[in-house]
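# Summary of structural features
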Amino acid sequence: MPPEDFFIPEDTLDIHDYGPMLHHEIEYLITRFITDNYNRKLEKIKIITGKGNVVSPLTIKILKKSKHVKEYRYAGYFSGQKGAIEIILHKNTVNKRKK
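Everything in this summary refers to the structure shown in the same document. Small disclaimer: the values here were computed from a predicted structure and weren't measured. (Residues numbered from 1 in each chain as written. Predicted model: local features only at pLDDT ≥ 70, side-chain atom pairs only at ≥ 80, totals over all residues. Heavy atoms only, no water.)

This part covers the pairing of strand E4 (residues 84–89). Along E4, 6 of the 6 residues are buried, which leaves the element largely enclosed by surrounding structure. Burial of E4 is two-sided: the residues Ala84, Glu86 and Ile88 facing one way and the residues Ile85, Ile87 and Leu89 facing the other way are all buried. Of the strand pairs in this sheet, strand E2 (residues 44–48) and E4 are connected by 5 bridges, and their pairing is antiparallel. By the bridge assignment for E4, lysine 46 is matched with glutamate 86. Alignment of strand E3 (residues 69–74) against E4, held across 5 bridges, turns out to be antiparallel. Bridged to glutamate 71 within E4 is isoleucine 88. (Buried < 20%, exposed > 50% of the residue type's maximum accessible area, 1.4 Å probe, protein only. Helix = DSSP H or I, 4+ residues; strand = E, 2+ residues; numbered from the N terminus. Pairing = 2+ DSSP bridges.)

Mapped onto the fold, isoleucine 48 is located in strand E2. In this structure, the C-alpha to C-alpha distance between isoleucine 48 and lysine 82, residues 34 residues apart in sequence, is 9.1 Å.

Relative orientation of the contacting elements helix H1 (residues 23–39) and helix H2 (residues 55–65) amounts to 45°, with a least axis distance of 10 Å. Relative to H2, H1 is oriented oblique. Crossing geometry of H1 relative to H2 is assigned as right-handed. Touching His23, Ile26, Glu27, Ile30, Thr31 and Ile34 of H1 are Val55, Leu58, Thr59, Ile62, Leu63 and Lys65, all from H2. For the contact of H1 with H2, the residue count by class is 7 nonpolar, 3 polar and 2 charged. (Axes fitted to C-alpha atoms, helices over the stretch in contact; angles between N-to-C directions. Parallel < 35°, antiparallel > 145°, perpendicular 65-115°, else oblique. Left-handed = near helix turned anticlockwise from the far one by under 90°. Contact = heavy atoms within 4.5 Å. Nonpolar A, V, L, I, M, F, W, Y, C, P; charged D, E, K, R; others polar.)

It is worth spelling out the pairing of E2 at this point. For strand E1 (residues 11–14) and E2, the ladder comprises 4 bridges, and the chain directions are parallel. Note on E2: the bridge partner recorded for aspartate 11 is isoleucine 45. Following the backbone out of E1, through H1 and into the adjacent parallel E2, one traces a crossover that is right-handed. (Right-handed = clockwise from strand over helix to strand, strands pointing away.)

Take it as geometry only, folks, not as evidence of what the structure does.
Have a look at this one:
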């Protein structure tokens, strides 16, 4: 993973923007975000979870299960620390257009 100073996400999901949600809603939102960005062939994404002890651990659990996630870490000092997770996705080499 690149040093903290060099991680510039290509897309960001802020869970706070969605208000109160149930666990399965959070899981759907995060899984969809990861899949959509993988399909868009993006590699660096960020999820802002907040520093609480509900959403962040749930997000880590989802990231561990995802086949699209190559690696992840908590964000650096100026990028949210334990309230944000920086993610690198596997490269999507699938060509959707077949002729």
